[in-house]
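# What the coordinates show
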Amino acid sequence: MKAIDSGTLTGRNLHLSFGSNHVLRGIDLHVERGTTASVIGPSGSGKSTLLRVLNRLIEPDQGDILLDGRSVLKDNPDELRRRIGMVFQQFNLFPHKTVVDNVSLALRKLRRMSADEARAKALAQLDLVGLKHKADVRPGNLSGGQQQRVAIARALAMDPEVMFFDEATSALDPELVKGVLALMADLATAGMTMVVVTHEMGFSRNVSDTVTFMDGGVVVESGPPAAIFDDARTPRLRSFLSDVL
Amino acid sequence: MDTLEQLGRTFFDGEAMLAVLPDLLTVGLPNTIILALASGLIGTIFGMLLAVMGISRSRVLRWAARVYTDIFRGLPAVVIILLIGLGLGPVLRQLTGSTSPYPLGILALSLIASAYIGEIFRSGIQSVEKGQLEASRALGFSYRSSMQLVVIPQGVRRVLPALVNQFISLIKESSLIYFIGLVASERELFRVGNDAASNTGNLSPLIAAGIFYLCLTVPLTHLVNHIDTRLRVGRRERPEPDEQAAKIGEGAQG
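Residues numbered from 1 in each chain as written. Chains lettered and ligands numbered in written order. Predicted model: local features only at pLDDT ≥ 70, side-chain atom pairs only at ≥ 80, totals over all residues. Heavy atoms only, no water.

## Structural notes on the side chain of Gln 132 of chain B
Note on placement: Gln 132 of chain B falls in helix 7 (residues 130-139). Look at Gln 132 of chain B and you get buried, because its relative accessible area is 5%. Discounting chain neighbours no more than four positions away, the residues touching Gln 132 of chain B are Asn 92, Leu 93, Phe 94 and Pro 95 of chain A together with Val 150 and Gln 154 of chain B. (Helix = DSSP H or I, 4+ residues; strand = E, 2+ residues; numbered from the N terminus. Buried < 20%, exposed > 50% of the residue type's maximum accessible area, 1.4 Å probe, protein only. Contact = heavy atoms within 4.5 Å.)

## A short note on the pattern of salt bridges
Applying the stated criterion across every chain, the model contains 21 salt bridges over all chains. Among the salt bridges present, the one from Arg 119 of chain A reaches Asp 136 of chain A, with a minimum N-O distance of 3.2 Å. You can see Arg 119 of chain A sitting in helix 4 (residues 115-128) and its partner Asp 136 of chain A sitting in the loop between helix 4 and helix 5 (144-156), a full 17 residues away along the chain. The class of Arg 119 of chain A is partly exposed, set by a relative accessible area of 34%. One salt bridge connects Arg 233 of chain A with Glu 221 of chain A, and the closest N-O pair in it is separated by 3.9 Å. Within this pair, whereas Arg 233 of chain A is found in the loop between helix 8 (225-230) and helix 9 (235-244), its partner Glu 221 of chain A is found in strand 10 (residues 218-223), the two being separated by 12 residues in sequence. The exposure class assigned to Arg 233 of chain A is exposed, which follows from its relative accessible area of 60%. A relative accessible area of 3% means that Glu 221 of chain A is categorised as buried. Sharing partners across several salt bridges, the network here consists of Arg 66, Asp 70, Arg 73, Glu 119 and Arg 122 of chain B. (Salt bridge = Lys/Arg side-chain N within 4 Å of Asp/Glu carboxyl O.)

## A closer look at the confidence of the model for chain B
Averaged over all residues, the pLDDT of chain B is 87; the fraction at 70 or higher stands at 91%. Scored below 50 in pLDDT, residues 237-254 of chain B shows 34 contacts in the model against residues more than four places distant or in partner chains. (pLDDT = per-residue confidence, 0-100.)

## With respect to a nonpolar patch on the surface
Residue and element names in this part refer to chain B. On the surface, Trp 63, Val 67, Ile 71, Leu 75, Val 79 and Leu 83 cluster together to form a nonpolar patch covering roughly 560 Å² of accessible area. Secondary-structure elements contributing two or more residues to the nonpolar patch are helix 3 (59-74) and helix 4 (77-87). Its place among the elements puts Ile 71 in helix 3. You can call Ile 71 partly exposed: its relative accessible area is 42%. (Patch = residues over 30% accessible without salt bridge, like charges linked within 9 Å, V, L, I, M, F, W, Y side chains within 5 Å. Areas by Shrake-Rupley, 256 points an atom, 1.4 Å probe, with all protein chains shown as cover.)

## Focus: the nonpolar core
The tendency in soluble globular proteins is for nonpolar side chains to be buried as a group. By size, the foremost hydrophobic cluster in this structure holds 105 residues, and its most contacted members are Leu 9, Leu 126, Ile 152, Phe 164, Phe 165, Met 184 and Val 195 of chain A. At 12 residues, the largest contribution of residues to this core is made by helix 6 (residues 102-126) of chain B. Among all residues touching Phe 165 of chain A, those that are not within four sequence positions of it are Leu 51, Val 87, Ile 152, Met 184, Leu 187, Met 194, Val 195, Val 196 and Val 197 of chain A. Core analysis: the second largest hydrophobic core is formed by 19 residues, Met 17, Leu 24, Val 192 and Ala 209 of chain B among them. (Core = buried A, V, L, I, M, F, W, Y, C linked by side-chain atoms within 4.5 Å.)

## Observations regarding the pairing of strand 6 (residues 84-87) of chain A
All names here are of chain A. Going residue by residue along strand 6, you find Ile 84 and Met 86 tucked away on one face and Gly 85 and Val 87 tucked away on the opposite face as well. When strand 6 meets strand 7 (residues 162-166), the two strands line up parallel, connected through 4 bridges. Paired with Ile 84 across the bridge in strand 7 is Val 162. (Pairing = 2+ DSSP bridges.)

Structure (structure tokens):
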């Protein structure tokens, strides 16, 4: 993996409403370069929306987003998203393209690499996730775990400064979760800056550097895993933890 | 017995059929194919334009596509063919000096086909999961590139059977060009058969023309079924069980 020399991500006072539904009510999130922040909370708390606001798939109504201390709200959002990789709950691989084409598409079209160059890089990326031998099949022929690893390879191929994971293991059969979580843990160890929205409390506690607990569109508590899991201050977090643990 | 014999002569008079065969083959068939292919091609291009307008974020474009589609799908084909074929004749003559209504026939068929094909494409494109656009945008593709590279190709693939069906309709509807009056060399299958039938007072030439239509449409119908099955079942390998990613550890350090 390329040495990562940037990637500190900050969201400041982020607000978002869909009509009368106030989904984000002033979220602050700071992810130091090379660290992993996990975001936990009940369904509908705004976690996934927060990720989409941070890479401007959805524009915030209010607030600021900084990458390496500089506001990116005035940048071209497409260029911002090239710097942030994203992995989805439903994988969202392109079913009409082979595995290697899924990974190389953005390299060819956005990085303007030649077909050979892009394929070589895509194959190397697939090798990292253990799926080089599946390069020329369609995603539909892969198991969920394999598809998600391809999706991770697709995001990593763009050499992102930050990686977002949106409940990346929630749609997987239980026996396939481990492989994907192991891959994510390896990425974290290798120094990737990551924001991980997850229901996997084990991962959140063991791998992340900070944990943010969201409920009802606000950050209720945030801190190192030990503080969150062993020393919850608010009743809301305590009740959430007793439900999921 | 007499009645049966008479019916046989009316519909299946071998000599009358043989007599019209050369015209059907050398005039009718090529013209029918040209009319259907040309209007199918133009209809596909305009149909895609209409579909993209129909899902556009601009209200004006969506509205324009809607009005066009409603009008051209809502009117009988023969009305459009007559209005375009007769109405625009003088304009075409002034512009090009040509008096042949043939291009206008293609235009009328194309306009009708666009409306139907536009709706087919739109439904296909809209059936593509939202996550596809989202994943493409997340990689850094613009809305336009995402539609071109990811969403539209998938949408089009899903509606291939409907498109072939539309082409079958065009082959049949091309017979309506008959209403705008064509010179002998421009006649399509129906007109050739119908002329021969009028001349001889025997319907067998029309049956012969009908057989030509069936030779075109029946294989296409089976093609539709074939594509449909392929799209639904797919050519899939047997998925393997997920092997534990042996290289996971190595990879992340590399």
